[in-house]
Amino acid sequence: AGGPVLSETNVATKIVERKVTAKERKAKALEARTQKEAGHLLPDVLNKGFEMQLRKVATQGVVRLFNAVKEYRDKQGGDDDDEISKLPLKKRKRAQEAMEQKRFDAILKHTGHKKTR
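The written sequence of each chain sets the order in which its residues are numbered from 1. In keeping with the predicted nature of the model, local features appear solely for residues at pLDDT of at least 70, side-chain atom pairs appear and are counted solely at 80 or more, and the whole-chain, interface and lining totals rest on all residues. Side-chain metrics in this entry use all non-hydrogen atoms of the structure; hydrogen atoms and water are not considered.

Enquirer: Quick one: what's the story with the overall build of the protein, residue by residue and with numbers?
Expert: The helix and strand labels rest on DSSP assignments: H or I over at least four residues marks a helix, E over at least two residues marks a strand, and numbering proceeds from the N terminus. A count of helices and strands for the protein gives 4 helices and 0 strands. Counting helices and strands in the order they occur from the N terminus, the protein gives α-α-α-α. When accessible area is computed with a 1.4 Å probe and restricted to protein chains, residues below 20% of their type maximum are described as buried, those above 50% as exposed, and intermediate ones as partly exposed. Of all 117 residues assigned to the protein, the portion counted as buried reaches 7%. Expressed as a percentage of contacts within the protein between residues at least 6 apart in sequence, the contacts between residues at least 24 apart total 66%. Surface exposure of the protein reaches about 11,000 Å², of which carbon and sulfur atoms provide 57%. For this analysis, residues touch if any pair of their heavy atoms sits within 4.5 Å. Accessible surface is estimated by sampling points in the Shrake-Rupley manner with a 1.4 Å probe; for residues, cover comes only from the protein chains shown.

Take a look at the structure:
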């Protein structure tokens, strides 16, 4: 028993196995991260105008969506509620969801035609 105490047990082999599996997991995580970031590019200084245009379009889309949501919430309820209340309970939920979706789509389309600054 002149060697180290750890060599007489399985502890040393388990430590080596853990290190190997940790390296494998780290390599897999690095590979997954590189695949995830494959389509990402840092903005180029030479394309600043294009980047500003993209930002403007994105901002207009978000503003349009928020305005549609606000308008939808303001107009919540309506004349069609009487028809829905006469339906059986099982059909009422589906009809109400469909009507709300139609209302929201109409509002979203309507807000898209307004002039933006």
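Enquirer: Could you give an account of the pattern of salt bridges, with specific residues and numbers?
Expert: Counted as salt bridges are all cases of a side-chain nitrogen of Lys or Arg within 4 Å of a carboxyl oxygen of Asp or Glu. Applying the stated criterion to the full structure yields 1 salt bridge. A salt bridge links Lys70 to Asp74; the nearest nitrogen and oxygen atoms lie 3.5 Å apart. Placement of both Lys70 and Asp74 in helix H2 (residues 48-74) is noted, with a separation of 4 residues, approximately one turn of the helix. Taken individually, Lys70 and Asp74 each receive the classification exposed, so the pair is uniform in this respect.

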